[in-house]
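# Observations on chain architecture
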Amino acid sequence: MKDERAVRIRDISKREGRLIKISLSDLMPLPSPYDKPELEPPLTEPKLDWSSNYVTELDGYVAIDIPWKPRSKEEEEKLVKRFLEGLRKLTSREGNWTFLQPLLLSLDYCAKCQNCAEACPIYVASGRKDIYRPTYRSEVLRRIYDKYILKKPGVNVELNALTILRLGELAYRCTLCRRCVQACPLGIDNGLIAHEIRKLLSMEMGIAPTALHERGTVLQLKVGSSTGMNPKAFINMVEFMEDLIREKLGRRIKIPVDEKGADVLLIHNAGEYISWPENPAAYAIILEEAGVSWTLSSELVGYDAVNYGVWYDDAQLARIAMKHIEVARKLEVKRIVIGECGHATKALLVVADRLLKDDYRIPRESVLPMLRDIVKSGKLNLDPGRNNFPVTLHDPCNIVRLTGIVEPQREVLRRIAPMFREMEPHGVYNYCCGGGSGFAIMTSLNFPEWRIKVASRMKFRQILEAFRDTIDPSIPKYVCAPCSNCKGELRDLLTHYRATELYNIHYGGLAELVVNAMVDLKEPYVDFTVQ
């Protein structure tokens, strides 16, 4: 029997209205205690006037929050022409210096076995909607490439404005977690294809979500941080953290800024200073106690590890990566260490390697191995009994699967958190928090509803299952997420389901737990107060 709900590849350019509509009854069930319908907040409908400016024809949700719909036949033809010119450049040696070979290999081969589909948390959590299969958007682009660039005969796809509009939105229904690649017998990188569609739209057509571009990389390059924090505000923040440390430790620590010749330039995601200053403050305490030679930078961009270009635009990525390197060279530090931030770690440790040459290849590393070494060195006086509450670990995709840093954070937790338990699956087989690839900061229109209900649903299930034996609200529970963007997503996720209020589930970074275990602290560093 024909499934009327099935969405075929050719439907992307033909079917009127929304391709799919999500309902609560379709979504993957959540375990106890969230198996009760009253604990699942309802879905909303997009406002009717949105469709005149934004693309609601995919699933009713809007990620690209700029008006880019053509309003005339001439504008439609221009949109198609610019897309094809961009695709031609994207698939040329001169036009794609970063990912040409893996892109072409991924476009060349796909066995259509659909093994990747069950590995994708978005596809499974959505109730297995066809358009969220990792292969759906890839196959659309593959057919366009085959028909319009390679001129292969008999390819069944029509390239019109509707195809491009829906494909653009569809590129923002993947968190680029690359879990699908692990399941593919041929190693096809469907996440990379989603990334390259975003890149085509941004670099060749000027189309990107405002949170990533205008309020992201553009703002960072202009004022110094994607948070809008300028160098003077950063210095004020450093003073605030020194006051915070004095309050917690009972003594003041002078946080080093612009110390020339230090061993380590530590760069945090500036979102930490704004939303979770206890994390960079914890590192200041740890590095002071361990006697590490280190510094922060007050230079423009030097105090913000964020590099949103890694998600959508190679040129923006290169500009920010070069700024980080120039700051390190000016300070004459021996190495750059990136704080607890997944995408910034991948951007500077992995992707920037394609960019940096000769003297610009300054050693770059994640803070997690350094933290592991300090904890194991015995330089800190730690009492694990101070972390006597259930702790589970969320593995940020960009740190674990995409950079290969798997064990250091676990070695720390095994030493300082006696009630540590793993999520299942974990390590390189983890699930994304749902906020990956920029989703956590994309807060306009109705996109947050989609990422919480669909993209984060698998992570919420993992958290509930990890704490199923301690779900009693009287027991505080801690989800350790050593990544700024993941923490932002967990904050929104736990708030949406009132999980902190109802079941005492909290989230935070790794360094906070280390400081919480320090015997010299008079009061706990981790605060379980329900706001």
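A few points on the structure. (Residues numbered from 1 in each chain as written. Predicted model: local features only at pLDDT ≥ 70, side-chain atom pairs only at ≥ 80, totals over all residues. Heavy atoms only, no water.)

### Considerations on the pattern of salt bridges
Convention followed: For this analysis, a salt bridge means a side-chain nitrogen from Lys or Arg found within 4 Å of a carboxyl oxygen belonging to Asp or Glu. Exposure categories follow from relative accessible area, calculated using a 1.4 Å probe and restricted to protein chains: below 20% of the type maximum is buried, above 50% is exposed, and the middle band is partly exposed.
Per the counting criterion, the structure on display carries 42 salt bridges. Between R372 and D373 there is a salt bridge whose closest N-O contact spans 2.7 Å. Judged by its relative accessible area of 43%, D373 falls in the partly exposed class. In this structure, R451 engages D492 in a salt bridge whose closest nitrogen and oxygen atoms are separated by 3.1 Å.

### Structural notes on the side chain of S366
The criterion, for reference: Helix and strand assignments follow DSSP, with helices taken as H or I runs no shorter than four residues and strands as E runs no shorter than two, numbered in order from the N terminus. Whenever a nitrogen or oxygen atom comes within 3.5 Å of another N or O atom, the pair is scored as a polar contact, on the condition that within protein one atom can donate a hydrogen and the other can accept it, and that pairs from neighbouring residues in sequence are kept only if both atoms are in side chains. Two residues form a contact once any of their heavy atoms are found within 4.5 Å.
Counting through the fold element by element, S366 comes out in strand β4 (residues 364-366). Note on S366: relative accessible area 2%, which makes it buried. At a separation of 3.0 Å, a polar atom in the side chain of S366 contacts the main-chain amide nitrogen of L368. Leave out the neighbours within four places in its chain, and S366 touches V337, I338, T345, L349 and I405.

### Observations concerning a nonpolar patch on the surface
For clarity, the cut-off: Patch members must show over 30% relative accessible area and no salt bridge, and they are joined within 9 Å when carrying like charges or within 5 Å when they are nonpolar side chains of Val, Leu, Ile, Met, Phe, Trp or Tyr. To measure how exposed things are, a 1.4 Å probe is used in the Shrake-Rupley method; for residues, cover is taken only from the protein chains shown.
A contiguous nonpolar patch, built from L105, Y109 and L186 and spanning about 320 Å² of accessible area, is present on the exposed surface. When you line up the elements, L186 lands in the loop between α6 (179-183) and α7 (190-205).

### Focus on the nonpolar core
Filter applied, for reference: Each nonpolar core is a collection of buried residues, namely Ala, Val, Leu, Ile, Met, Phe, Trp, Tyr and Cys, held together in the definition by side-chain atoms within 4.5 Å.
In terms of nonpolar packing, the biggest core is built from 77 residues, with F83 and W450 touching the most fellow members. At the level of elements, α1 (73-90), α2 (100-108), α3 (121-125), α4 (134-149), α5 (161-170), α7, α12 (309-312) and α17 (447-455) are the ones that each hand at least two residues to this core. For this core, the leading source of residues is α7, giving 7 residues. Those residues in contact with W450 that sit more than four places away from it in its chain are I22, D59, Y61, I122, Y132, Y172, R173, F439 and A455. Core analysis: the second largest hydrophobic core is formed by 56 residues, I255, A284, A290 and I416 among them.

### Let's talk about the sheet that holds strand β1 (residues 264-267)
Here is the rule: Note: two strands are recorded as paired if DSSP finds a minimum of 2 bridges between them.
Taken in spatial order, the 4 strands of this open sheet run β2-β1-β3-β4, and their pairing is parallel. Sheet topology places β2 (294-295) and β4 at the edges, where each strand pairs with a single neighbour. Of the pairings in the sheet, the one linking β1 to β2 comprises 2 bridges and is parallel in character. Looking across to β2, one finds that L265 is bridged to T295.

### Section: the pairing of strand β7 (residues 477-480)
Of the two faces of β7, the one holding K477 and V479 and the one holding Y478 and C480 are both buried throughout. When strand β5 (residues 391-393) meets β7, the two strands line up parallel, connected through 3 bridges. Paired with V391 across the strands is Y478, a residue of β7. Pairing between β7 and strand β8 (residues 505-508): 4 bridges, direction parallel. Note on β8: the bridge partner recorded for K477 is I505.

### A short note on the packing of α4 against α7
Put simply, the rule reads: To obtain an axis, a line is fitted to C-alpha atoms, over the contacting stretch when the element is a helix, and the angle between two such axes runs from 0 to 180 degrees between their N-to-C directions. Comment on the angle field: the value is read as roughly parallel under 35 degrees, roughly antiparallel over 145, roughly perpendicular from 65 to 115, and oblique elsewhere. Here a crossing is taken to be left-handed if its near helix is turned anticlockwise relative to the far helix by less than a right angle, and right-handed if that turn runs clockwise. Classification used: nonpolar for Ala, Val, Leu, Ile, Met, Phe, Trp, Tyr, Cys and Pro, charged for Asp, Glu, Lys and Arg, polar for all others including Gly.
Close contact between α4 and α7 brings their axes to 9 Å; oriented N to C, the two are set at 55 degrees. The pairing of α4 with α7 is recorded here as oblique in orientation. Classified by chirality, the crossing of α7 by α4 is left-handed. Residues P134, T135, R137, S138, L141 and R142 of α4 form the contact with α7, whose participating residues are N190, I193, A194 and I197. When grouped by side-chain class, the residues that make up the contact of α4 with α7 number 5 nonpolar, 3 polar and 2 charged.

### Notes on the sheet that holds β8
Taken together, the 4 strands give an open sheet; going across it, the order is β6-β5-β7-β8, and neighbouring strands pair in parallel fashion. For this open sheet the edge positions go to β6 (420-422) and β8, each flanked by a neighbour on one side alone. When strand polarity is set aside, the average angle formed by the axes of neighbouring strands in this sheet is 30 degrees. Across the sheet, helix α19 (residues 484-496) touches β7 and β8, and the angle it forms with β8 is around 165 degrees.

### Considering the state of the cysteines
Defined as follows: Any two cysteine sulfur atoms lying within 2.5 Å of each other are counted as a disulfide.
All told, the structure shown has 0 disulfides when counted by the stated rule. No disulfide involves C116; its sulfur sits 5.9 Å from that of C180, the nearest cysteine. Under the relative-accessibility criterion, C116 is labelled buried at 6%. With no disulfide of its own, C480 lies 11 Å from the sulfur of C486, the closest cysteine sulfur.

### Observations regarding helix α15 (residues 367-377)
For the α-helix, the turn length of 3.6 residues means that residues three or four positions removed from each other point alike. Of all the positions in α15, only V367, L368, M370, L371, R372, I374 and V375 are classed as buried. Considering only its buried residues, α15 is in contact with β1, α11 (278-290), β3 (335-338), β4, α16 (408-416) and α21 (511-516). Its side-chain oxygen at 3.0 Å from the backbone nitrogen of L368, S366 defines the N-terminal cap of α15. Remark: G378 follows α15 within two positions and exhibits a positive phi of approximately 85 degrees.

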